[in-house]
Amino acid sequence: MNPLTLTVLYYSATGTNHAMAAEAAQEGERLGARVRLRQVPELAPESAIAGNPAWQAHRAATRDVAVATLDDLRDADCLMVSMPTRFGGIPAQMKQFLDQTGPLWATGRLVNKAVSAMSSAQNPHGGQEATLLAFYTIMFHWGAIVVPPGYSDPAFIAAGGNPYGVSTVAVQGGALKPETATAVQAQTRRLLEVGRWLRDGAAAAAAATD
Ligand SMILES: Cc1cc2nc3c(=O)[nH]c(=O)nc-3n(C[C@H](O)[C@H](O)[C@H](O)COP(=O)(O)O)c2cc1C
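Residues numbered from 1 in each chain as written. Predicted model: local features only at pLDDT ≥ 70, side-chain atom pairs only at ≥ 80, totals over all residues.

Trainee: Outline the packing of helix α1 (residues 16-30) against helix α9 (residues 178-209), supporting the account with residue identities and numerical values.
Mentor: One can describe the packing of α1 onto α9 by two numbers: an axis separation of 9 Å at closest approach and a directional angle of 50°. Of the possible angle classes, the one that applies to α1 and α9 is oblique. Handedness of the crossing formed by α1 with α9: right-handed. Along its contact with α1, which presents Met20, Glu23, Ala24, Glu27 and Gly28, the element α9 presents Ala181, Val184, Gln185, Thr188, Arg189 and Leu192. In terms of residue class, the contact of α1 with α9 is made up of 5 nonpolar, 3 polar and 3 charged. (Axes fitted to C-alpha atoms, helices over the stretch in contact; angles between N-to-C directions. Helix = DSSP H or I, 4+ residues; strand = E, 2+ residues; numbered from the N terminus. Parallel < 35°, antiparallel > 145°, perpendicular 65-115°, else oblique. Left-handed = near helix turned anticlockwise from the far one by under 90°. Contact = placed C-beta atoms within 7 Å. Nonpolar A, V, L, I, M, F, W, Y, C, P; charged D, E, K, R; others polar.)

What follows is the structure in structure tokens.
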């Protein structure tokens, strides 16, 4: 079977969203996808990072994770994104990366990609849903196909029941609760399932009209 290409794109200062992204990447690999785990470039000044030991430690621990390029979006059938909330919105680092997708957008390279997203905040209701909605607004402009978890699997309810995307409170050092990890796996499975419908369905439709 022709494997799907899954890009897992994340921003994380202190490890939570890295852990969610890594879980999604691992599940994608387990399901046979070609997976790229990518962090977006850091924008914060070194002085800010140095002032937060958890941030500094996480940065050092993930130095080897490849930094995303536009090719990682262009070549993906499916895109999973994980990012913390920043005052109820998406982090500047993620926004800056997405703001560079104009050339892909203008040439229709982002249309019909299957996209799903996850988030975290310091508080249980600190802005996770608002962050996901802000992210999905950008996906609507891409013409991407947003794949929300909804309540399509009991794992999503067990992890807090956020139908917009799996979310959690921040876990410094990246030790996800087991129910969060299970829900991330379920969201990844659902994304790949819909991504396969889209890719193979489009190919079948094109073949039928030849
Ligand atoms: C500038 C800034 C704004 C934040 N705003 C919120 C917020 O509105 N609500 C909240 O609960 N947490 C807020 N946080 C906490 C982050 O969401 C939290 O540190 C993050 O989810 C941890 O994810 P990470 O470990 O992947 O970096 C904020 C953090 C920063 C630095």
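There is more to say after this.
Trainee: Can you explain the site of the ligand? Please cite residues and give values.
Mentor: In the vicinity of the ligand, 18 residues are found, and the nearest of them are Ser12, Thr16, Pro84, Ala121 and Gly126. A per-class count over the shell around the ligand returns 5 nonpolar, 12 polar and 1 charged. (Near = placed C-beta within 6 Å.)

Trainee: Could you give an account of unusual backbone geometry, naming the residues involved and the relevant values?
Mentor: The backbone phi angle of Phe87 is positive, close to 55°, even though this residue is not glycine. Looking at the secondary structure, you find Phe87 in the loop between β3 (78-84) and α5 (92-98). On the basis of neighbour counts, which here come to 10 C-beta atoms within 10 Å, the residue Phe87 falls in the exposed class. One non-glycine residue, Asn112, lies in the positive phi region at around 70°. Here Asn112 is to be found in the loop between α6 (102-106) and β4 (114-121). (Buried ≥ 20, exposed ≤ 12 C-beta atoms within 10 Å, placed from the backbone.)

Trainee: Requested: an account of the environment of Glu23, with residues and values cited.
Mentor: Tracing the sequence through the fold places Glu23 in helix α1. In this structure the C-alpha to C-alpha distance between Glu23 and Gln185, which are 162 residues apart in sequence, comes to 6.9 Å. Those residues in contact with Glu23 that sit more than four places away from it in its chain are Leu176, Ala181, Val184 and Gln185.

Trainee: Any details on the nonpolar core? Residues and values, ideally.
Mentor: A general tendency of soluble globular proteins is for nonpolar side chains to be buried together. In this structure, Leu6, Val8 and Cys78 are the most contacted members of the largest nonpolar core, which totals 52 residues. Ignoring any residue separated from it by four or fewer positions in sequence, one finds Leu6 in contact with Gly28, Ala33, Arg34, Val35, Ala76, Cys78, Met80 and Leu192. (Core = buried A, V, L, I, M, F, W, Y, C linked by C-beta atoms within 7 Å.)

Trainee: Residue-level account of the environment of Val81, with values.
Mentor: Here Val81 lies in strand β3. Between the C-alpha atoms of Val81 and Thr101, which are 20 residues apart in sequence, the distance is 15 Å. Excluding its chain neighbours within four sequence positions, the residues that come into contact with Val81 are Leu9, Tyr10, Ala117 and Phe135.

Trainee: So, α1: which residues are in play, and what are the values?
Mentor: The end-to-end C-alpha separation of α1 is 21 Å, in line with the 21 Å expected for 15 residues at 1.5 Å each. The complete set of buried residues in α1 reads Thr16, Asn17, His18, Ala19, Met20, Ala21, Ala22, Glu23, Ala24, Ala25, Glu27 and Gly28. Among the residues trailing α1, Gly32 stands out with phi positive, at a value near 95°. (Expected span 1.5 Å × (residues − 1).)

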